Structure formats: C-alpha cells, structure tokens
Amino acid sequence: MSASLPNVSAALAAPLTEDRLVALARVTDGLDANGLWWLSGYAAGLASRGAAGVQTVTSPVTDAAPAGRLTIVYGSQTGNAKRLAEQLARQSEAAGLPVRLLRADAYPTRELKDERTLYLVISTQGDGDPPDDARALVEFIAGKRAPELKQLRYAVLGLGDSSYPQFCAIGNRLDARLAELGATRLLPRADADLDLETVAEPWLAQALSKAKEALKPTAPLATVTPLRPLQPAHGRDAPFAAELLANQRITARGSAKDVRHIELSLEGSGLHYEPGDALGLWPLNPPALVEAILRTSELDGEAVVEHGGQRLPLRQWLAEKRELTKLARPFVASHAAQSRSEELNALLAPDRQTGLTTLLNQAQVLDLLRRHPAAWSPEEFVAALRPLTPRLYSIASSQKHVGDEVHLTVAHVEYDDGDGLRWGAASNHFARSEEGARLPVFIEHNERFRLPADASRDVIMIGPGTGVAPFRAFVQDRAAVGAAGRNWLFFGNPHFRSDFLYQVEWQQALKDGTLHRLDLAFSRDQSHKVYVQQRLAERGRELFDWIENGAHLYVCGDATRMAKDVHAALLSVIAAHGGRSADDAEDYLNTLQQQGRYARDVY
C-alpha cells in the first residue's frame, strides 16, 4: 500500500479542513477497501469532535467559489429535515455539483451576502416556532442586519404538522423574506406534512434539476475518494426487528398514567447510539381500532386495494400502512366532501382555525366516521388516509451501561372519550407486545442533544414526566466514564407515590454520588400546583452559579407548555441573579444555546 494506517491516523490528528481532507484522500489512494472504511470511520469520529453541526459533503471542488457552489442548510428538531437535506446533498454530489451541507446554527451568516445558490430545508415546531438549531439564522434573515440578496437563487422546503395552526410557518416566513431581500426563487416553496415523502420527494427531484441547470456539474476526480462513514445495515427505511426483553409498568396501579419501561435487544443489528439519541418505531395500529373502523365504514376488510404500486387487503392497509390515530387537515377536507357535512366544511374556513385545531387534537379517524357518515370505497379510503409514520422516543439508556440493549420510557396513550376506547398507535403497540416479540426499530441520531465533551463540566437536567428518559441515559453514561462533573436533575409529575419514575434508581444514584442534586415537583400532592419551573425559581441563585461556572442545561418533554414555561423561568433566573434586563437575559440564553450549553429535546 502507498499509505499506512498509522501514518494516516497521525496525519488526521492535526486540525481537519476541507483542503486537508481532499489532500488526504489523494495520499490514501493506495489503501485497500478495509483500510478506506477504517479511515472513513476514523475521520468521522474526529469530525464529530469538531465544530458542531458542520457536515461537509466531499465534492470535486470543496473550496468552490459561491458562484459555482450549492449550499444546503437545514434546521431540524426531530431529524426529518436533516435526513432530507442529506439526501439532497448526496444526490447533488453524485451529479457532480460542488455542494456543502450545514446545520443552520453552523451557517456563517456573514457569508449570506455572497451566497449564489441556497436551499433551505426547515421544520416548524409547535405554534410557529423555528427548530432550536435555526433560531439565530431565522432571526438574522428576518432582522434589519440581513443584506440585499439580489444575486441569490434559492428554494425552501418547509416541514410541519397540519394539526397546528401555524403549519410550516417558518418555511413560509423565510421564503417570503428572501424574496423581499431581492433573491430569486429557483422553484416554489413546498410544505410537507407528517407524511412528508409525498411532498418532499417531488420537491427534491425538482431542486436537483434546477441546481444542475444553475450550476455546471463536473466529473469527480478519479483520485479523490469520498470520506464517508460506513452506514449501518438498518435504518429508517430498513428497520431492525428488535426482540422485546422487558415491558414493565413503572407507575402505580392507582396512577392515572400508564408509563412503561421498555427494554429491547439490538444484538446483531450493528446499531449504535449515544445519550440524547432517539429510537424510532414503525408501529402497527391497534387491532380493535382497525375492526371498529371497518364496522363503522361498512367496508370489507378483505377487499384488495391497489395503491402506490402495492396490492394489499384493506385490513392490512389499515393495520400497517395508514394513519388512524392522528387526524390531518387533508383527510378532514376529503371526508367533509365525501360526507357533505356542513359542520366539517365550516371548520375548514380560514376564520375557523381554532375549531379545526381542536378537532385535529381531540378526534381520530373513527370519530369522524361515526359523527359524519360517508360512503367510501376501499380505494378512495386508502388514498385519502395519510401514510403511517414512525414514532420517535428519547432513549433512556447508555450503551456503555447496557451493552446491546436500548431502553425507553413510554407513556401508554389509552383513554375513553365516551364513545369507546382510543389509543396512541406506537404506545399501544409497545403496551400490547409481550416479551419475545420482534419490533421494527431504528436509531435517530440527535447531535444537538449531547453531553459535554468535557466530562468535568456540570450538567443540569430538566425533565418532567417521560421527559426524564434521556437523563437516565445521561447519568448512566457519566457514571460509566467516571465524569468529574456534577449532575443535577429536576423532575416532576402529578403524585409522589404513584408517578415517581425510576425512584429507586435516582435514590441509589444519590447514594452512589453519580447524581448530586435532585429537585422534585409533584403538582397534585398539595392544594396548590407545583411544577418544575417553580423549583427552578426557588433554586435560582445556585442554578445561576452552576451556569456561570460552565454548566450545560438540558430540557426534555412537552414543547407546547412545559418547555415554554421552563424557558421563561430560566430567563427570570438569569435576570434576577445575573443583574440583567429581560433583553440581556434573552441574549445570555441565546448565547448558551449557540455554544451548545442549552439544549432542548422537546416534542
């Protein structure tokens, strides 16, 4: 071989730049296939310790001038925007386009004035909020400091959830603002719902075509080997059939909540995860729900339906392929037309968004069928329903502690709405599965929610309810590596006796010294409700001291209320104990976020 692995690893120990990677690829031309895969993994590991969020796709000319380069920027909360942006980058690279891929918080805003071809793939969270990694970029483009962009050609793919009033609002805002700044659209903005592939795939194809027209593809240099980590055999589109090892209820029988501790085996999968990552499950709908829908619609479950190149019995479509527990506006519109319901049509009016949002949040497909009967054919019904999508759960274990296992903390969604039981698709799939069952899962990496690289840093973890899951992983991991930093957990739930998740483990961690502080808020154990944000205020002085001395802040759980209340409490603590104005406190917290010291995993 013309290069040895020790020499290559020594060369890689120096700071990595795009130029160095290209040069290194030439140097390693003599490595065999195994050596190249080793090198790609080694380089990826080093890169992961570098600038957070920078994902450069090796291209024929990585230092191409802006006029000849495609820049793809993504803002992602759950990983979907990241996945689609990476897909577009791979396709562009394969087409010979010089391309760079960046997470939004790694994009140098000073370069925007010189950018020539820019694609934005960005999600909208909750009620019109940007993903955490895109807040600064969105504020810059929307603000007074944004430059004129008459030289820029751009396109925007927005991702969202149509059950929220501000569906794809961030993509909409960026698209309009870039045009206002003088930029030229290469193609119209697309808004993708939870069944995002139906909108995203055509947009990606058009985006690639337009980029090829706007830029001049070049043939890859024969001597340049792309440095890519070896991809695992299993992923979102090829899930691993994991054996269920444990399915244990961890709330007391008297609790209003049914929370399960789930353990799955990853043995033989080749899957690896870090604390902060999520596990995706492709669920099966509850059998009782499928049968109830067939009875109510008076459709034959054995009727064979051909759709999208597949021929399956209707019952199988409903059990495995179609969304039944979450309503979406498109299905409501289709059902309104099919049932000729004046009530549903009225809800779809622009001034009735609040009423529609309530319906989408509180009702399921079965409820619409019962309240507004309609004569569907099997083919029309399958076509109108949204494709079933995977559900993501924060991982509640560290592989350093549990080996080839993955643990989850799952709240089983089951309730009686007065017209029978209703369920959540994935949580019910977990709850009704017995030990030994095989469940289709994959790992969704979350680089934004990572423990500090410096293990001597303190960490503050705020996770009420099942939001405590990743912090179980954090504490396990910090104990396994002997981290010198302290760990402080804030946890809350309705009742101490019935809802104290992992109580014995936390108490043991306090005794062992792997958990240094634990503050609890059980909201219903006294006449006045107490939540974690009140505990933050009560511990404000110490909390601020920890932050000032380098602690990292983490929040996990409900995005619509808890995360906003916790954010407000943190601002109050910073203002009160840091002697700052409200605006300065906001800047302080934004700076922590940009530094990777304030991370949120909210949903």
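- As recorded in an unreviewed UniProt entry, the protein goes by Sulfite reductase [NADPH] flavoprotein alpha-component and comes from Lysobacter arvi.
- Of the protein, the UniProt comment under Subunit (unreviewed entry) reads exactly: "Alpha(8)-beta(8). The alpha component is a flavoprotein, the beta component is a hemoprotein."
- UniProt, in the comment section headed Pathway (unreviewed entry), describes the protein in these words: "Sulfur metabolism; hydrogen sulfide biosynthesis; hydrogen sulfide from sulfite (NADPH route): step 1/1."

Considerations on the sheet that holds strand β21 (residues 552–557)
Then, in step 1: Read from one edge to the other, the open sheet built from five strands follows the order β20-β19-β18-β21-β22, with strand pairing classed as parallel. This sheet does not close on itself; its edge strands, each paired only once, are β20 (517–522) and β22 (598–602). Neighbour to neighbour, the strand axes of the sheet diverge by 10° on average, direction disregarded.
Then, in step 2: Sheet topology places strand β18 (residues 459–462) next to β21; four bridges connect them, and they run parallel. Within β21, the position partnered with Met461 by the bridge is Tyr554.
Then, in step 3: The sheet contacts of helix α22 (residues 562–578) involve β18, β21 and β22, and relative to β21 the element is tilted by about 155°.

Some remarks on the environment of Asp114
Then, in step 1: Along the chain, Asp114 turns up in the loop between β3 (99–103) and β4 (117–123).
Then, in step 2: The spatial distance from the C-alpha of Asp114 to the C-alpha of Leu152 is 8.0 Å, given a sequence separation of 38 residues.
Then, in step 3: Discounting chain neighbours no more than four positions away, the residues touching Asp114 are Pro66 and Gln151.

Comments concerning empty space enclosed by the protein
Then, in step 1: According to the stated counting rule, one finds four cavities of 30 Å³ or more in the structure shown.
Then, in step 2: In this structure, the largest cavity encloses a volume near 50 Å³.
Then, in step 3: Lining of the largest cavity is provided by Glu323, Lys326, Leu327, Ala328, Phe331, Val365, Leu385 and Arg386.
Then, in step 4: Per-class residue counts for the lining of the largest cavity are five nonpolar, no polar and three charged.

Some points on the sheet that holds strand β13 (residues 391–394)
Then, in step 1: Strand order in the open sheet formed by six strands is β13-β10-β17-β8-β9-β14, and the pairing between neighbours is antiparallel. Two strands lie at the open edges of the sheet, namely β13 and β14 (405–411), each paired on one side alone. Adjacent strand axes in the sheet meet at a mean angle of 40°, parallel and antiparallel pairs treated alike.
Then, in step 2: Bridge count between strand β9 (residues 259–265) and β14: seven bridges; the pairing is antiparallel.

Digging into the nonpolar core
Then, in step 1: In terms of nonpolar packing, the biggest core is built from 34 residues, with Ile293, Leu318, Leu327, Phe331, Val332, Leu359 and Phe381 touching the most fellow members.
Then, in step 2: Tallying contributions element by element places helix α8 (residues 287–297) first for this core, with five residues.
Then, in step 3: Ranked by size, the runner-up nonpolar core spans 28 residues in total, among them Val121, Leu159, Ala190 and Leu196.

A look at the pattern of salt bridges
Then, in step 1: With the rule as written, the count across this model stands at 41 salt bridges.
Then, in step 2: One salt bridge connects Glu180 with Arg177, and the closest N-O pair in it is separated by 2.9 Å. You can see Glu180 and its partner Arg177 sitting in helix α6 (residues 169–180), three residues apart, about one turn around the helix.
Then, in step 3: By relative accessible area, Arg177 is classed as buried at 16%.
Then, in step 4: The salt bridge partner of Arg370 is Asp419, with a shortest N-O separation of 3.3 Å. Of the two residues, Arg370 is situated in helix α13 (residues 365–371) and Asp419 in the loop between β15 (414–416) and β16 (421–423); the sequence distance between them amounts to 49 residues.
Then, in step 5: The exposure class assigned to Arg370 is partly exposed, which follows from its relative accessible area of 32%.
Then, in step 6: With relative accessibility at 40%, the residue Asp419 sits in the partly exposed group.
Then, in step 7: Each of Arg517, Asp519, Arg535, Glu538, Arg539 and Glu542 takes part in a single network of salt bridges with overlapping partners.

So, how was this worked out
- Residues numbered from 1 in each chain as written.
- Predicted model: local features only at pLDDT ≥ 70, side-chain atom pairs only at ≥ 80, totals over all residues.
- Heavy atoms only, no water.
- UniProt positions renumbered as here; feature names shortened; annotations may be inferred.
- Pairing = 2+ DSSP bridges.
- Helix = DSSP H or I, 4+ residues; strand = E, 2+ residues; numbered from the N terminus.
- Axes fitted to C-alpha atoms, helices over the stretch in contact; angles between N-to-C directions.
- Contact = heavy atoms within 4.5 Å.
- 1 Å grid on protein atoms, 1.4 Å probe; cavity = no way out; pocket = protein on both sides within 12 Å on 5 of 7 lines; lining within 4 Å.
- Points joined across faces, edges and corners; volume = space filled by probe spheres on them.
- Nonpolar A, V, L, I, M, F, W, Y, C, P; charged D, E, K, R; others polar.
- Core = buried A, V, L, I, M, F, W, Y, C linked by side-chain atoms within 4.5 Å.
- Buried < 20%, exposed > 50% of the residue type's maximum accessible area, 1.4 Å probe, protein only.
- Salt bridge = Lys/Arg side-chain N within 4 Å of Asp/Glu carboxyl O.

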